[in-house]
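One letter stands for each residue in the lines below.
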Amino acid sequence: MTDIDIEPTDTVDARGAACPGPLMDLIGRVRSASPGDVVLLLSDNDQSLTDVSEWVDETDNDLLAVDETGDEYGFYVEVA
Amino acid sequence: MVRRVAILGGGTGGTVLANDLADRLAAEIDAGDVEVTLINDDPDHVYKPVWLYVPFGQREPADGRRPLRELVDSRVDLVVDRVTAIDTDGKELSLRDGPGPLAYDRLVVATGSTLAPAEVPGLAEGGHDYYSESGALALREELLSMTEGHLVLSVVGTPHMCPAAPLEFAFMADDWFRERGLREDVEITYTYPINRVHGNPHVSEWAEPIMAERGVGVETFFNAESVDPEAGTIASMEGTELDYDLLVGIPPHRGVDVVEEAGLGDRGWVDVDKRTLEADRADGVYAIGDAATTGVPKAGSVAHYQAGVVARRIASEVRDRPATATYDGKTLCFIETGMDSASFVEFDYENPPSPAPASEKLHWSKLAYNESYWLTARGLL
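Calculation rules
Residues numbered from 1 in each chain as written. Chains lettered and ligands numbered in written order. Predicted model: local features only at pLDDT ≥ 70, side-chain atom pairs only at ≥ 80, totals over all residues. Helix = DSSP H or I, 4+ residues; strand = E, 2+ residues; numbered from the N terminus. Buried ≥ 20, exposed ≤ 12 C-beta atoms within 10 Å, placed from the backbone. Contact = placed C-beta atoms within 7 Å. Rg over C-alpha atoms; globule rule 2.2 N^0.38 Å. UniProt positions renumbered as here; feature names shortened; annotations may be inferred. Pairing = 2+ DSSP bridges.

## Some details on the overall build of chain A
The number of helices and strands found in chain A is 2 helices and 4 strands. Mapped from its N terminus to its C terminus, chain A presents α and β elements in the order β-α-β-α-β-β. Oriented by its inertia axes, the alpha-carbon framework of chain A measures out at about 30 × 30 × 20 Å. In chain A, which comprises 80 residues, the share counted as buried stands at 39%. Considering only residue pairs separated by 6 or more positions, chain A has 64% of its internal contacts joining residues 24 or more positions apart.

## A word on the overall build of chain B
From N to C terminus, chain B includes 10 helices and 23 strands. Relative to its length of 381 residues, chain B is compact, with a C-alpha radius of gyration of 21 Å against a globular reference of 21 Å. Each principal axis of the C-alpha atoms in chain B carries an extent, and together these give about 65 × 40 × 35 Å. Taken over 381 residues, chain B has a buried fraction of 50%. Nonlocal contacts in chain B, meaning residues at least 24 apart in sequence, comprise 63% of its contacts between residues at least 6 apart.

## Comments concerning the UniProt feature "domain: FAD/NAD(P)-binding" (unreviewed entry) in chain B
The feature "domain: FAD/NAD(P)-binding" (unreviewed entry), as annotated in UniProt, sits at residues 4–307 of chain B in this numbering. Secondary structure across residues 4–307 of chain B divides into 27% helix and 27% strand, with the first and last C-alpha atoms of the span separated by 17 Å.

## Considerations on the sheet that holds strand S8 (residues 102–103) of chain B
All names here are of chain B. Within the open sheet, the 3 strands sit side by side as S6-S7-S8. Their pairing is antiparallel. Since the sheet does not close on itself, it has two edges, and those belong to strand S6 (83–87) and S8, each with one partner. Across 4 bridges, S6 lies against strand S7 (residues 92–95) in antiparallel orientation. Looking at the pairing, isoleucine 86 lines up with leucine 93 of S7.

## Describing the UniProt feature "domain: UPF0033" (unreviewed entry) in chain A
The feature "domain: UPF0033" (unreviewed entry), as given by UniProt, occupies residues 12–36 of chain A in the numbering adopted here. Structurally, residues 12–36 of chain A comprises 48% helix and 8% strand, and the distance from its first C-alpha atom to its last is 16 Å.

## Notes on the interface of chain A and chain B
Taken together, the contacts link 16 residues of chain A with 12 residues of chain B. Counting only elements with at least two residues in the side of chain A that touches chain B, the list comes to helix H1 (21–32) and helix H2 (48–58) of chain A. For the side of chain A that touches chain B, the element with the most residues is H1 of chain A, which contributes 5 residues.

Here it is as structure tokens:
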């Protein structure tokens, strides 16, 4: 069970997508989101662990939390 | 009972599938028990890989066009028309010009990719591409007149057709300007949306040293947000701005509207089971090639292999047997590394790509396959 208490504005379900699918799906959703929105990216691709955090570091967006409790990952990104 | 098979789209996937079914189900078709209909809105079949060579003056768009009628088995009903609606509940297609709805028992969506440059402000006006016949011809004129300045190759949208083609263009442009004695006066920069030069980490690891060796500049984490054609700049959402003299952009891609309107998936791509290729959101519907969201590249080889899988599945269904054929993610690509050398990759869902050492032999293999492609379209290779 996750103890992350964040209510996302929008969820991108990229489970099953090969890289760079999950990150590109996230970027696409962030493009159309409003400042302050929280986008939750669901991915089961291990590469997302580095891809997402490195991309967020390049931007003004914030990676609020990463849920690694199950077989898949949940990335909570707050849009700048 | 499966009697009527409709294939929507006469590109690589649709054409290979139609010919495969015509061969596999010849007895049933001849007996009048099965009908295979291929619907395309262009009387020609277009082989897009030719376009990469057009800007460098090596091929003409006409080299990639042949009438579908010459490629498709006579057992296939070829309909040149545009589908305006897919009714997945009623299992019928509305046609723009045709007499009435076309009913199907099995539909295969093979509608491919379309370009959406308008999604990035200024890209259509300021950028050139080689992902269309008109784009490749216009780019040829620009390249021929370029003797100095900054060429920016920007991968703006992913997924896009042929993931290797941006790398190929950068390598070929480097070689082409070098051969013409202009390379010292032409700076080349390659941009990519994520933290490497290609979506696949194995291909990226192989390509990065080649780019460094050739002096091709790289900007990663570059998600193009806008192009200013007046100022000659392209800006990313990460805050980087590049000046360009010639911008070659890989535009955002979409599927076709009729797929999205039918509720089969977002942006015109069909959500499918990546092994059976059956649509997630409708019964009796398959999707192959670029139109199917399997996570593998939007490439001709993928459409070719997936067509074989769906042909076997549909043949089983026609004969009232369980469909057991599945797609394993097989993908095969040649990658040009210059004007006279190429590499090669083959991979699937389980096995990652490992690019072969570049050689002249692989370059000629790629060109030879491009010539023999017409045998693939006819279902012979």
